[in-house]
Amino acid sequence: MAKPIVQVPALAVPTKQAAEVHSLLDTLIEKRREEVAEIEQMVARYERRIQMQEQAYRAMSPLRKMLTGKKPDHHAAVEYIHYVKKPLEKARRLREEIASYEAMKLNGEQL
């Protein structure tokens, strides 16, 4: 015959451990927010640099434009993916991680 299933009630986390977990989650959340801010600053710097390069190219004389040339579009697209799209995806994942940490913190307070 099969043994009956016994459910053990969840034990309450002692206050000291809960405080340690909350402080750990707070530091983790803060660290992730700093990473997101750094990524956003990096993307903004890249976009400003590209905008300045475009303005400088447009200001050139036609002869100089012909001699200087411009990056092919596919190079610009690869740079955009590398410097903008992938970092912003990482920032989105970090924001989701922050949200999960905050949810853990709230769920921990309810126990």
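For the structure, see preceding data.
Overview of the structure. Because the structure is a prediction, the values reported are computed rather than measured.

Things to note about the overall build of the chain
For step 1, the next point in the chain: Within the chain, the secondary structure is distributed over three helices and zero strands.
For step 2, the next point in the chain: Listing the helices and strands of the chain from first to last along the sequence gives α-α-α.
For step 3, the next point in the chain: Across the 111 residues that make up the chain, the buried fraction comes to 14%.
For step 4, the next point in the chain: Nonlocal contacts in the chain, meaning residues at least 24 apart in sequence, comprise 81% of its contacts between residues at least 6 apart.

Quick word on a nonpolar patch on the surface
For step 1, the next point in the chain: Together, L63, M66 and L67 give the surface a local cluster of nonpolar side chains, amounting to about 380 Å² of exposed area.
For step 2, the next point in the chain: With respect to the helices and strands, L67 occurs in helix α2 (residues 62-68).

Comments concerning the packing of aromatic side chains
For step 1, the next point in the chain: Enumeration according to the criterion identifies one aromatic pair in this entry.
For step 2, the next point in the chain: Over the face of the ring belonging to Y83 we find R49, whose NZ or CZ atom lies 6.0 Å from the ring centre.

Concerning the side chain of R32
For step 1, the next point in the chain: Relative to the helices and strands, R32 is located in helix α1 (residues 15-59).
For step 2, the next point in the chain: Each residue touching R32, except ones within four places of it in the same chain, is listed here: L94, E97, I98 and Y101.

Re the environment of K85
For step 1, the next point in the chain: With respect to the secondary-structure elements, K85 resides in helix α3 (residues 73-110).
For step 2, the next point in the chain: We classify K85 as partly exposed; its relative accessible area is 45%.
For step 3, the next point in the chain: On a C-alpha basis, the gap between K85 and V43 in space is 9.0 Å, while along the polypeptide they are 42 residues apart.

Describing the pattern of salt bridges
For step 1, the next point in the chain: This model, assessed by the stated rule, comprises nine salt bridges.
For step 2, the next point in the chain: Where R32 meets E35, a salt bridge forms, and the shortest distance between an N and an O atom there is 3.3 Å. Remark: E35 and R32 occur in helix α1; sequence separation between them is three residues, near one turn of the helix.
For step 3, the next point in the chain: On the basis of relative accessible area, R32 is assigned to the buried category, the value being 17%.
For step 4, the next point in the chain: Residues joined in a network through salt bridges with shared partners are R32, E35 and E97.

The rules behind the values
- Residues numbered from 1 in each chain as written.
- Predicted model: local features only at pLDDT ≥ 70, side-chain atom pairs only at ≥ 80, totals over all residues.
- Heavy atoms only, no water.
- Helix = DSSP H or I, 4+ residues; strand = E, 2+ residues; numbered from the N terminus.
- Buried < 20%, exposed > 50% of the residue type's maximum accessible area, 1.4 Å probe, protein only.
- Contact = heavy atoms within 4.5 Å.
- Patch = residues over 30% accessible without salt bridge, like charges linked within 9 Å, V, L, I, M, F, W, Y side chains within 5 Å.
- Areas by Shrake-Rupley, 256 points an atom, 1.4 Å probe, with all protein chains shown as cover.
- Salt bridge = Lys/Arg side-chain N within 4 Å of Asp/Glu carboxyl O.
- Phe/Tyr/Trp six-rings, centres within 6.5 Å; stacked < 30°, edge-to-face > 60°.
- Lys NZ or Arg CZ within 6 Å of the ring centre and 35° of its normal.

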